[in-house]
Amino acid sequence: MNFFFHIGRYFSLLARAFSRPERWRIYVRKLFKEIESLGIDSVGIVAVISIFMGGIITLQVAYNLQNPLFPKHLIGLGNRDTLLLEFSSTIMGLIMAGKIGSNIASELGSMRVTEQIDSLEIMGVNSAAYLILPKIIAVVFMFPFLYILSVFFGLIGGLIVGPAVGAVTATDYINGIQHTFVPYYVFFSLIKSLFFGFLVATIPSYFGYYVEGGAFEVGAASTRAVVNTNIMILVFDLILTQLLF
Amino acid sequence: MIRIESLYKSFDGKPVLNDITTEFLKGQTNLIIGRSGSGKTVLLKSIVGLLEIDKGNIFYDNRNFTTMKQEDRKLLRKEMGMVFQGGALFDSLTVEQNVRFPLDMFTYQTAGEKQKRVDYCLERVNISKDAHKLSPSEISGGMKKRVAIARAISLNPPYLFCDEPNSGLDPETSKVIDELIHGITVDLDITTVVNTHDMNSVMEIGDKILFISEGKMEWEGTKTDILYTTNQKLQEFVFANRQYKEMRDERKNPKPD
């Protein structure tokens, strides 16, 4: 029963968020701020995590392909396809749910408990649209870029770590990442990243927007937001993989 | 003028407001008083539509707010200004941007006109130019309340609501805020409703006073009447501070010069 209540309220919040803005100019200005704070400010962490991720995958693949019958370029290929198909979309989605999701939930939660959201409503502003819509557009817009950056930095990570530890030569690695490239993998993951972006923006917005209480509840809502977003990302990963392959 | 007729509000079946009927008059500072938990904030939030009421009617100058469509309510809300207990200033905006926000959202004024209005509103609440570019976290509690008042009046609303405007302020700053609210009410000839449990505010600015206890309207009158009330609950509330008992006794039996 509680589950259906939350689902109903989530969709009614989305309906309010997608209603016509009072003043486009202000929303566009806010959208650019959100693109900066939620998207561009995440580039650093995406780069760092992806470099490490790419390096680790390269090492793991290398340790599992020690048989001399396996050509070395498979290490680069393994890293590329793992990044393209799962890590740069799903794992990055999970990490972004932690970074962006907790940011959104705590921001909206704090605004709720300090009556800033009520204040918007009293002015006649659609608080759901004003606060949530720019975040949804910003995150959905930025996620495919973050995915592409993550793949790029992941491949760089493999290129640094693989030759550095002697697991693969730079030439074999580069040959591997160019070998039997399937463009559909990129398309598939870009579709996934759009869905994940939507989940990362909307689920924490829901939990933050409806916080009741004080600072403790804001923290609890932030945690619930991240946990639920992570679960939904994995559920959608499963569904989309089944549907798109 | 705001008229409330037989207003009922409950939470999870538990009644919080019971049959409240009253009028808040234009050009007057109307106070809702009562102990903590008496239902003052629920009443104020019900009047402005932040809470949906169970039964009753709320009229804003004969426009029935209760039966209005959401779109019409939204339009009416542009005629309301509200000062929240903590100020509720937007953290991400500066003092000046907070006051300009309603103007940006709802008017087609030029940048110069908006700036003029922002300067006027901030000057009206005695905020110096130095503070215009500060963020809410950099100003004191009293200043936050004054900026919140400036933001509330920026669109020149005919209705002003203040929820516990003096909470957390020292007596001197409270007096400044009270005088400011009263001054704005008279100058702009608006209907102001203030929620308070501060007896000093009652005696300073209470043109009309509504006393509620346990969700019921117990008494209404003026600041002069309140000292001579026969309502026992109100007496307990007012005379909890001995100063007012002495004031009443002194008025009844003036000391010879």
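Residues numbered from 1 in each chain as written. Chains lettered and ligands numbered in written order. Predicted model: local features only at pLDDT ≥ 70, side-chain atom pairs only at ≥ 80, totals over all residues.

**Some words on the overall build of chain B**
The helix and strand inventory of chain B stands at nine helices and 10 strands. Its C-alpha radius of gyration of 19 Å places chain B within 12% of the 18 Å reference for a compact globule of 257 residues. Scored against the burial criterion, the 257 residues of chain B give a buried share of 40%. Put simply, of all contacts in chain B between residues at least 6 apart along the chain, 66% involve residues at least 24 apart. (Helix = DSSP H or I, 4+ residues; strand = E, 2+ residues; numbered from the N terminus. Rg over C-alpha atoms; globule rule 2.2 N^0.38 Å. Buried ≥ 20, exposed ≤ 12 C-beta atoms within 10 Å, placed from the backbone. Contact = placed C-beta atoms within 7 Å.)

**Here we look at the overall build of chain A**
A count of helical and extended segments in chain A gives nine helices and zero strands. Along its sequence from the N terminus, chain A presents helices and strands in the succession α-α-α-α-α-α-α-α-α. Based on the C-alpha atoms only, the size of chain A along its principal axes is roughly 70 × 40 × 35 Å. Sorting the 245 residues of chain A into buried and exposed places 45% on the buried side. Sequence separation of at least 24 residues holds for 87% of the intrachain contacts in chain A that already meet a minimum separation of 6.

**Regarding helix α6 (residues 127-164) of chain A**
Residues and elements named next belong to chain A. Over its 38 residues, α6 extends 53 Å from the first C-alpha to the last, a length consistent with the 56 Å expected when each residue adds 1.5 Å. Most pronounced at F143, the bend in α6 amounts to some 30°, and the proline P144 follows within four residues. Immediately beyond the C-terminal end of α6, within one or two residues, lies G166, with a positive phi of roughly 80°. (Expected span 1.5 Å × (residues − 1). Bend = angle between axes of the 7 residues up to and from the residue.)

**Side note on unusual backbone geometry**
Residues and elements named next belong to chain B. Phi at N62 is positive, roughly 70°, even though this residue is not glycine. One can find N62 in the loop between β4 (55-60) and β5 (63-64). With 7 C-beta atoms packed within 10 Å, N62 lands in the exposed category. The phi dihedral of A88 is positive, around 55°, even though this residue is not glycine.

**Some remarks on the nonpolar core**
Core analysis: the largest hydrophobic core is formed by 120 residues, its most contacted members being V139 of chain A together with A150 and F161 of chain B. It is α6 of chain A that provides the largest number of residues to this core, a total of 16 residues. When residues of this core are assigned to domains, at least three fall in each of domain 1 (22-52 + 74-79 + 161-257) and domain 2 (91-156) of chain B. The residues touching F161 of chain B, leaving out its near neighbours within four places in the chain, are L44, V48, M80, M82 and V193 of chain B. (Core = buried A, V, L, I, M, F, W, Y, C linked by C-beta atoms within 7 Å. Domains from an automatic or database assignment.)

**A word on the domain arrangement of chain B**
All names here are of chain B. For chain B, the assigned domains are domain 1 (22-52 + 74-79 + 161-257) and domain 2 (91-156). Each of domain 1 and domain 2 was reduced to a C-alpha centroid, and the two centroids are 26 Å apart. The interface is formed by nine residues belonging to domain 1 together with nine residues belonging to domain 2. Along the lines of polarity and charge, the residues of the side of domain 1 that touches domain 2 split into six nonpolar, two polar and one charged. (Nonpolar A, V, L, I, M, F, W, Y, C, P; charged D, E, K, R; others polar.)

**Some words on the interface of chain B and chain A**
Many analyses report the size of an interface as the accessible area lost when the parts associate. At the junction of the two partners, chain B supplies 15 residues and chain A supplies 13 residues. Contributing elements (two or more residues each) for the side of chain B that touches chain A: α2 (70-77), β6 (80-83) and α3 (95-106) of chain B. Each residue belonging to the side of chain B that touches chain A can be placed in one class, and the counts come to 10 nonpolar, one polar and four charged.

**Regarding the packing of helix α5 (residues 141-153) of chain B against helix α6 (residues 171-188) of chain B**
Any two packed helices are characterised by how steeply their axes cross, that is the angle between the axes, and by the distance between the axes. All names here are of chain B. Running from N to C, α5 and α6 point in directions that differ by 10°, and their axes come no closer than 10 Å. With respect to α6, the element α5 is oriented roughly parallel. Contacts between α5 and α6 involve G142, K145, R146, I149 and I153 from the former and T173, I177, L180, I181 and I184 from the latter. Partitioning the contact of α5 with α6 into residue classes produces six nonpolar, two polar and two charged. (Axes fitted to C-alpha atoms, helices over the stretch in contact; angles between N-to-C directions. Parallel < 35°, antiparallel > 145°, perpendicular 65-115°, else oblique.)

**Side note on the environment of D207 of chain B**
Position of D207 of chain B among the secondary structure elements: in the loop between α7 (199-205) and β9 (208-213). Separated by 176 residues in the primary sequence, D207 of chain B and L31 of chain B have C-alpha atoms spaced 7.7 Å apart.

**Section: the pairing of strand β2 (residues 14-24) of chain B**
Residues and elements named next belong to chain B. Where strand β1 (residues 2-11) lies against β2, seven bridges are found, and the strand directions are antiparallel. In the strand pairing of β2, S10 is matched with P15. Linking two consecutive strands that pair antiparallel, namely β1 and β2, is a turn of two residues; a positive phi of about 50° is found at D12 within it. (Pairing = 2+ DSSP bridges.)

**Some thoughts on the pairing of β9 of chain B**
Residues and elements named next belong to chain B. As judged from the four bridges shared by strand β3 (residues 29-33) and β9, these two strands associate in the parallel manner. Counted as the bridge partner of I32 is L210 from β9. The pairing of β9 with strand β10 (residues 216-221) spans five bridges and is antiparallel. The residue of β10 that forms the bridge with I212 is M217.

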